[in-house]
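These are the residues of each chain, in order.
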Amino acid sequence: MFPFDTLRAIYKYLVEDSVKAHKIGLLKASYTGLEERLLANYPREDVVQAILSCRLIGDLVAGIQSRRYKVLKCRRDLVKLIFSDRWTAEDLMRVHCLRSLRIHREYNCITEQFMDDAIRAAINLDARFRVTQELKGGPLHGIPIAIKDDIDVKGYDSTLGCKCRCMQPKYMDAPMVTALRAAGGIIFCKTNVSWHDLSADCSNTLFGQTVNPLNKRLSPGGSSGGVAALIAAGGVVVGCGSDCSGGLRIPAQHCGLYTLKPTSGRLPGAPTHNTLGWDTIPAVLGPLSQSPEDLATFCESILQTEPWRWDPMVAPISFDQPLYRSIVTTRRLKVGYYVHDGFFRAAPPAAHAVHEVVEALRMQGHEAVEFRPPNVVQALLLMAKLLLIDLSSPCTRLREFQDDNIVEPLFPFIMLMQLPKVLRNLVALFFERVMEDKITGAMLRTFGLGGMSASRKAGRSPKETVELWAEKDDYQRLFAEMWNDMKGMDVIVHAIPPTPSDSLPYICAGASYSILYNLLDYPVGVVPNVTTVKLEDKVADPVQYVHSADVPGGGVPHVPAQQQQQPPQVQQQPQPRTPRKGSFNFLGILGMEEYNTRIAEGVMTKGATVGVQVVGRRFEEEKVLAAMLVIRNALEASRRRMS
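Residues numbered from 1 in each chain as written. Predicted model: local features only at pLDDT ≥ 70, side-chain atom pairs only at ≥ 80, totals over all residues. Heavy atoms only, no water.

### Things to note about the overall build of the protein chain
Step number 1: Tallying secondary structure elements over the protein chain gives 25 helices and 13 strands in all.
Step number 2: The 643 residues of the protein chain split such that 59% are buried.
Step number 3: Counting only contacts in the protein chain whose residues sit at least 6 apart along the sequence, the fraction spanning at least 24 positions is 81%.
Step number 4: Per element, the accessible surface of the protein chain, about 24,700 Å² overall, is 56% carbon and sulfur. (Helix = DSSP H or I, 4+ residues; strand = E, 2+ residues; numbered from the N terminus. Buried < 20%, exposed > 50% of the residue type's maximum accessible area, 1.4 Å probe, protein only. Contact = heavy atoms within 4.5 Å. Areas by Shrake-Rupley, 256 points an atom, 1.4 Å probe, with all protein chains shown as cover.)

The structure is reproduced here in structure tokens:
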């Protein structure tokens, strides 16, 4: 192996590092003179102010939450004002490109930019409009759109933040790009991601760290953190990212945005260059924005283009506008909710956010019932096996990237996967026998590339693969039966873990709240900014807190808002139970310890907001989008009563 390692080191030094340097040089060159070109035909100041008045402007950190609900109306106003010739699509594009460029310098959001091409596309739209007096594609006419780096654009790289993918331009557009352009949208940049889309942070060895516009000490989340940060900072109204285990929802939570993870096959174009075996757990593309109405308009506009014509994996289902409007205007919802999924108890602010939503819905006449998802631990282990179903390809690509200066928080994860099988089994045995933590032990046995590669070069056998698929089908049927038992339940509202997103133990502990619905392939939306993280949310005893909620509902105390004299205290809990034998939750304890540390440091008590997730059944995106709007309106009404 010595000659091979030596040759690999030489290749890395002479080729990969030089390719990375060349790529960075090209990117820097692309920005040369860009601001001057954008300003060359820049609109008048009154036009600029009029455009920005339809957007979130001013103090982005302080003002984004108070004005977040005005974006969709503003975006529709933008289209209407283009139609009335108040300003042109070129004006709109120049203003947003310049703003995004300046935001990128502060927050490091953009990986590839094609703003010159976007300006030319806007000019062509204006020329066509002057001739036909018709808007191309409807409500997305001339709207600037940012996309995630893993979405292919012809002629540009999709690096995923890794130098080994540099200088490999794509030969065709992704189906989502085709659909967006057919709807009249103009894509002007690609945005930063976590390294290979593998973590809930937004940093990599090629483009570096993206920071959160709400609080520079916090991550914007990942893996779609770049587009989320750009939207949160006011650079663009709507963006598109991907989600296989929370890649859309975690950034939406961190940046105070709305998002939708659709059912696979509802919107076009899943990413095609994932590192793990994600055909078994479908990755999907979805929108992020600062209002739920924007998400509905995005989905409706995409489906109006009939994307199944160029993406055969998309189901030919149009947007059900009557269903959406009926839920928003008249229908009473039956909402299930939970704050403990049987594996990990939601952190105090996340649990309070769920209860606040439930209370607000009940005050509007909606029904809320408690729900407990079945066998979440089994689902987590199944998810891990499916993600790593093929150890020879593509999962073992991780070995190819091991010299790529892996950054936190992925380093411990990669080290664990490369741990020799014998040593990993010994550690797993320690957790199972000594710590009485069967969950962590099972996870340690599931993850691993080192040691296993010699005996299983071809990955899992066909028989094992079929058995895993059958287990997945069985769990999906079990969950559907549990849903049916709720007698007419429309959606589920549950917690989404708050920051920190760069803590491996915390992410592992709270992963069940995001990846469960990737396994089920259910549509999930995020309603942000329900509550904030406070110093009082610190957990007094993580061991007791993690193990005290071994009952449905989680035992999280909640006082109705109108009765609150002070913020709810975490210490006011039922007497904690002693963990059952074999149910000790080591990951949960580590996660809560990390959570406490961040609160004590003050990192999470400024600019950190907490939202909720809204889950629907497969292909019921309209119901999820409408429920998100109902929840937002209910929260606004509740806050008006309190003020």
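### Thoughts on the side chain of K623
Step number 1: Along the chain, K623 falls in helix α25 (residues 621-642).
Step number 2: The residues contacting K623, other than those within four sequence positions of it, are I327, R331, D490 and V491.

### Considerations on the pairing of strand β6 (residues 238-243)
Step number 1: Summarising burial for β6: 6 of the 6 residues are buried, a large majority.
Step number 2: Across the two faces of β6 the burial is the same, with V238, C240 and S242 and G239, G241 and D243 all buried.
Step number 3: Alignment of strand β2 (residues 144-148) against β6, held across 3 bridges, turns out to be parallel. By the bridge assignment for β6, A146 is matched with G239. (Pairing = 2+ DSSP bridges.)

### Describing the packing of helix α17 (residues 421-433) against helix α18 (residues 438-446)
Step number 1: Direction vectors running N to C along α17 and α18 enclose 170°, while the axes themselves pass 7 Å from each other. Here α17 lies roughly antiparallel to α18, going by the angle between them. Packed against α17, whose contacting residues are R424, N425, V427, A428, L429, F431 and E432, the element α18 presents K438, T440, G441, A442, L444 and R445 at the interface.
Step number 2: Along the lines of polarity and charge, the residues of the contact of α17 with α18 split into 6 nonpolar, 3 polar and 4 charged. (Axes fitted to C-alpha atoms, helices over the stretch in contact; angles between N-to-C directions. Parallel < 35°, antiparallel > 145°, perpendicular 65-115°, else oblique. Nonpolar A, V, L, I, M, F, W, Y, C, P; charged D, E, K, R; others polar.)

### Some thoughts on the side chain of H366
Step number 1: Note on placement: H366 falls in the loop between α13 (348-363) and β10 (367-370).
Step number 2: Polar side-chain contacts of H366 include one of 2.9 Å to the backbone nitrogen of L333. (Polar contact = N/O pair within 3.5 Å; in protein donor to acceptor, adjacent residues only side chain to side chain.)

### Regarding the nonpolar core
One broad rule of soluble globular proteins: the nonpolar side chains tend to lie buried together.
Step number 1: Judged by nonpolar contacts, the single largest core of 114 residues is most densely connected at F479 and Y517.
Step number 2: Among the elements that line this core, the one with the most residues is α25, at 10 residues.
Step number 3: Setting aside chain neighbours within four positions, we find F479 in contact with F371, P373, P374, I492, L516, Y517, L520 and Y522.
Step number 4: Counting residues in each nonpolar core, the second largest holds 36 residues, with I103, I186, A228 and L248 among its members. (Core = buried A, V, L, I, M, F, W, Y, C linked by side-chain atoms within 4.5 Å.)

### With respect to the sheet that holds strand β11 (residues 491-495)
Step number 1: Here 11 strands make up an open sheet; going across it, the order is β1-β3-β2-β6-β8-β7-β12-β13-β11-β9-β10 and the pairing mixed. What marks the edges here is a single partner per strand, and that holds for β1 (110-113) and β10. Taking each pair of neighbouring strands and ignoring which way they run, the sheet shows an average axis angle of 30°.
Step number 2: This element, helix α7 (residues 115-132), spans β1 and β3 (186-191) of the sheet and lies at about 165° to β3.

### Things to note about helix α14 (residues 376-387)
Step number 1: Between its first and last C-alpha, α14 extends 16 Å over 12 residues, near the 16 Å set by a 1.5 Å rise per residue.
Step number 2: Burial analysis of α14 places 9 of its 12 residues in the buried class, the great majority of the element.
Step number 3: Of the positions making up α14, those classed as buried are V376, A379, L380, L381, L382, M383, A384, L386 and L387.
Step number 4: Turning to α14, the residues buried within the fold contact α18, α20 (462-485) and α22 (512-520). (Expected span 1.5 Å × (residues − 1).)

### Focus: the pattern of salt bridges
Step number 1: Considering all chains together, one arrives at 22 salt bridges under this definition.
Step number 2: The salt bridge partner of D116 is R37, with a shortest N-O separation of 2.9 Å. One end of the pair, D116, is in helix α7; the other, R37, is in helix α2 (residues 34-40), and 79 residues separate them in sequence.
Step number 3: Exposure remark for D116: the relative accessible area of 25% places this residue in the partly exposed category.
Step number 4: Salt-bridge contacts for R331 lead to D490; the nearest nitrogen and oxygen are separated by 2.6 Å. One end of the pair, R331, is in the loop between α12 (321-329) and β9 (334-338); the other, D490, is in the loop between α20 and β11, with 159 residues separating them in the sequence.
Step number 5: Here D490 falls in the buried class, since its relative accessible area comes to 5%.
Step number 6: A single network of salt bridges, built from pairs that share partners, joins R331, D490, E620 and K623. (Salt bridge = Lys/Arg side-chain N within 4 Å of Asp/Glu carboxyl O.)

### Looking at the packing of α14 against α18
Step number 1: Interhelical geometry of α14 versus α18 gives an angle of 10° and a closest axis separation of 10 Å. Accordingly, the angle class assigned to the pair α14 and α18 is roughly parallel. Here the hand of the crossing between α14 and α18 comes out right-handed. Contacts between α14 and α18 involve V377, L380, L381, A384 and K385 from the first element and I439, A442, M443 and T446 from the second. (Left-handed = near helix turned anticlockwise from the far one by under 90°.)

### Brief notes about the packing of aromatic side chains
Step number 1: The full count for this structure, using the stated rule, is 13 aromatic pairs.
Step number 2: Taken together, a centroid distance of 5.9 Å and an interplanar angle of 80° make the contact between W483 and Y522 edge-to-face. Of this pair, W483 sits in helix α20 while Y522 sits in the loop between α22 and β12 (524-532), and the two are 39 residues apart along the sequence. Like W483, the residue Y522 is buried in the burial classification.
Step number 3: Within the aromatic cluster, the residues linked to one another by ring pairs are Y338, F371, Y475, F479, W483, Y513, Y517 and Y522. (Phe/Tyr/Trp six-rings, centres within 6.5 Å; stacked < 30°, edge-to-face > 60°.)

### Description of the confidence of the model for the protein chain
Low pLDDT means the predicted atomic positions in that stretch should not be read closely.
Step number 1: Summary statistics for the protein chain give a mean pLDDT of 80 and a share of 75% for residues scoring 70 or more.
Step number 2: Taken as a whole, residues 450-458 scores under 50 in pLDDT and shows 18 contacts with residues more than four places along the chain or in a different chain. (pLDDT = per-residue confidence, 0-100.)

### Comments concerning a nonpolar patch on the surface
Step number 1: Together, V422, L423, L426 and V427 line one region of the surface with nonpolar side chains, adding up to about 350 Å² of accessible area.
Step number 2: Topologically, L423 is positioned in helix α17. (Patch = residues over 30% accessible without salt bridge, like charges linked within 9 Å, V, L, I, M, F, W, Y side chains within 5 Å.)

### A word on the state of the cysteines
Linking two cysteines covalently through their sulfur atoms gives a disulfide.
Step number 1: Here the structure, examined in full by the defined rule, presents 0 disulfides.
Step number 2: Not engaged in a disulfide, the cysteine C166 finds its nearest cysteine sulfur in C162; these two sulfurs lie 7.5 Å apart.
Step number 3: Accessibility expressed as a relative area gives 4% for C166, which makes it buried.
Step number 4: In this model C189 remains outside any disulfide bridge; the closest cysteine sulfur is found in C97, 7.9 Å from its own. (Disulfide = S-S within 2.5 Å.)

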